[in-house]
Amino acid sequence: MSQNERDLIIALAGNPNSGKTTLFNNLTGAHQHVGNYPGVTVEKKEGLLRLDGRRHKLIDLPGTYSLSAHSIEEVVARNYIIKQKPDLVINIVDASNIERNLYLTTQLLELDTPVIIALNMSDMARGQGIVIDHKKLSHLLGVPVIPTVGNKRRGMKELLSEVELFLKSSALKKPSQVNYGPDFEAEIQQVSEQIDTGEIQLNGYNKRWLALKLLESDSEVEKLFSGNHDHLFTTVGEGQNRISALIGDAPSSAVSDSRYGFISGACSEAVSLVDHHRHDVSDKIDHFLLHPVIGPIVFGFLMWTMFNLTFSLGEKPMLWIEAGINLLSRTVSGILPEGLLSSLLVDGVIGGVGGVVTFLPNIMLLFLAIAILEDTGYMARAAFVMDRIMHKIGLHGKSFIPMLIGFGCSVPAYMGSRILEDKTDRLVTMHVTTFMSCGARLPVYILICGAFWPDNAGNVVFSIYVLGAVVAIAMIKVLRSTRFKGMSAPF
């Protein structure tokens, strides 16, 4: 049966928060159901798209930033496209973050699957002064590009018209693909010549894509060649060594650089700013906060300031609460006669609870400071700044976030480690989070430091927190060299 005579299978692919789900709901309405992909707990959404009197199946793939093997969502998305072979992929691109979103697009174009780009959030891009010539971008990428605004249902008719046109023509023209340079392309060609796609487990894959993934050391693709492929892996290893010697970096880095170079070239021609000197306040602040040298210094200063302000601002409220507790103790002692009940209430309940409540201002101020850093967006920037340092100690940049949350409470810190896509990074982070001094320990620290070092309590408590982080780093090194060997996933 030809494509013109049967219903299509259409897949939606895009970055998280690109508006993919909104477009899926717009196109399918109430004709959708949710389940899981076979064997994995990744949500699978299916719906029906009614078009030209026929009902086409619409699959909402998991939101991913790329089609690498760093998370189960990425593996599920690319395996569906390669193995299930949808007739068409609608790639939802956030127009306000077009360069970052097009990284996934470059990978979709390499899978030999027809692609239509829905340039979503076009109104937001215009509001930021970003002007995108979608026709020129379509010409450069070799695929249709349709501007849309999903939450206002704009561009839906144009998108459906493009799908109908594809339905009638049965094909789209061959898309543009990234050229990785003559040296890298020669290695891709050499590896691809040794790949036999006729093998059972390789049906559906194209040789060039497999060769590229092998040179990138993609773990999922390497598993496909589990049999007698020593000669192939020898060729791959030699190719990786030659590439590394030529560029001074890993082949995976060369691939990323080439893709972003391709994207930058396309955007330089198709994307412009209303004001070329337009930089908002956030951009100017980020210039300092994300600086490789100034950034960590600012981060350390903010952490030190946070702990010292906690004590300096909390000193008077602590004295007020302490005076109130003493007044309550004297009042109860004056009302009740001396005895077991009086001792229980005055020394046990009031004295015990009061001893903890006295430090409530410090705890509240600390949590308030963390909340302010989170709400202003500094936490995300701190994770970016800390990524290089975290990688050197064997963790992902995102590990910084649950570890910092561990200063507040270890329970949400454990739960927060779910943001890490890589299982090994997630487990190592959970193992060392306990070394972060949580809020429950703060009253003890304050009590001891206030008693023994009253003039430098803030500095001493800060040093205790730093010591915990140092021990955590040492444990990361131990875990990475023993139980959890291997490199951490890229940011």
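Note that the coordinates shown come from a computational prediction; the quantities given were computed from them, not determined experimentally.

**Student:** I'd like to hear about the environment of Ser-122, residue by residue, with values.
**Tutor:** Tracing the backbone shows Ser-122 in helix H4 (residues 122-127). Once residues within four sequence positions are removed from consideration, Ser-122 is found in contact with Ala-95, Pro-147, Thr-148 and Val-149.

**Student:** Explain helix H3 (residues 98-109) to me, and be specific about the residues and the numbers.
**Tutor:** The α-helix advances 3.6 residues per turn, and as a result positions three or four apart in sequence lie on the same side. The first and last C-alpha atoms of H3 sit 16 Å apart over 12 residues, in line with the 16 Å expected at 1.5 Å per residue. When you tally the buried positions in H3, you get 10 out of 12 residues, the bulk of the element. All of the buried residues in H3 are Ile-98, Asn-101, Leu-102, Tyr-103, Leu-104, Thr-105, Thr-106, Gln-107, Leu-108 and Leu-109.

**Student:** Hey, could you go over a nonpolar patch on the surface for me, with residue numbers and the actual values?
**Tutor:** Residues Leu-341, Leu-344, Val-349, Val-353, Val-357, Leu-360 and Met-364 make up a contiguous nonpolar surface patch of about 620 Å² in total accessible area. When contributions to the nonpolar patch are tallied by element, the ones reaching two or more residues are helix H14 (340-357) and helix H15 (360-375). Position of Leu-341 relative to the elements: it lies in helix H14.

**Student:** Any details on the nonpolar core? Residues and values, ideally.
**Tutor:** In terms of nonpolar packing, the biggest core is built from 55 residues, with Ile-98, Leu-108 and Phe-184 touching the most fellow members. Setting aside anything within four residues of it in sequence, one finds Ile-98 in contact with Val-93, Leu-119, Ile-132, Leu-137, Cys-267 and Val-271.

**Student:** Now, about the pattern of salt bridges: what can you tell me, with residues and values included?
**Tutor:** Considering all chains together, one arrives at eight salt bridges under this definition. Between Arg-78 and Asp-218 there is a salt bridge; the shortest N-O distance is 2.8 Å. Pair noted here: Arg-78 is in helix H2 (residues 72-84) and Asp-218 is in the loop between helix H8 (207-215) and helix H9 (219-224), with a separation of 140 residues, a long-range link. For the pair shown, Arg-78 and Asp-218 are each scored as buried. Here Lys-152 ties to Asp-123 by a salt bridge, and the two come within 3.5 Å at their closest N and O atoms. Here Lys-152 is found in the loop between strand E8 (145-147) and helix H6 (156-169), whereas its partner Asp-123 is found in helix H4, with 29 residues between them in sequence. Residue classification places Asp-123 among the partly exposed positions, given a relative accessible area of 23%.

**Student:** Give me the lowdown on the side chain of Glu-185, citing residues and values where you can.
**Tutor:** The topology assignment puts Glu-185 in helix H7 (residues 182-192). Looking at Glu-185, its side chain comes within polar contact range of the main-chain nitrogen of Tyr-180, at 3.0 Å. Those residues in contact with Glu-185 that sit more than four places away from it in its chain are Val-178, Asn-179, Tyr-180 and Arg-208.

**Student:** Describe unusual backbone geometry, listing the residues and the values that go with them.
**Tutor:** At Asn-17, a position not held by glycine, the phi torsion is positive, near 65°. With respect to the secondary-structure elements, Asn-17 resides in the loop between strand E1 (9-14) and helix H1 (20-28). Positive phi, close to 50°, is recorded for Lys-85, a residue that is not glycine. Counting through the fold element by element, Lys-85 comes out in the loop between H2 and strand E5 (88-94).

**Student:** Quick rundown of the packing of aromatic side chains? Include the residues and the values.
**Tutor:** Per the counting criterion, the structure on display carries five aromatic pairs. For the pair Tyr-180 and Phe-184, a centre-to-centre distance of 5.7 Å together with 40° between the ring planes defines the contact as tilted. Of the residues examined, Tyr-180 reaches a relative accessible area of 7% and is grouped as buried. Residues Phe-452 and Trp-453 carry aromatic rings whose centres are separated by 6.0 Å and whose planes lie at 50° to one another, so their mutual orientation is tilted. On the accessibility criterion, Trp-453 (43% relative accessible area) is partly exposed.

Conventions used here
Residues numbered from 1 in each chain as written. Predicted model: local features only at pLDDT ≥ 70, side-chain atom pairs only at ≥ 80, totals over all residues. Heavy atoms only, no water. Helix = DSSP H or I, 4+ residues; strand = E, 2+ residues; numbered from the N terminus. Contact = heavy atoms within 4.5 Å. Expected span 1.5 Å × (residues − 1). Buried < 20%, exposed > 50% of the residue type's maximum accessible area, 1.4 Å probe, protein only. Patch = residues over 30% accessible without salt bridge, like charges linked within 9 Å, V, L, I, M, F, W, Y side chains within 5 Å. Areas by Shrake-Rupley, 256 points an atom, 1.4 Å probe, with all protein chains shown as cover. Salt bridge = Lys/Arg side-chain N within 4 Å of Asp/Glu carboxyl O. Core = buried A, V, L, I, M, F, W, Y, C linked by side-chain atoms within 4.5 Å. Polar contact = N/O pair within 3.5 Å; in protein donor to acceptor, adjacent residues only side chain to side chain. Phe/Tyr/Trp six-rings, centres within 6.5 Å; stacked < 30°, edge-to-face > 60°.

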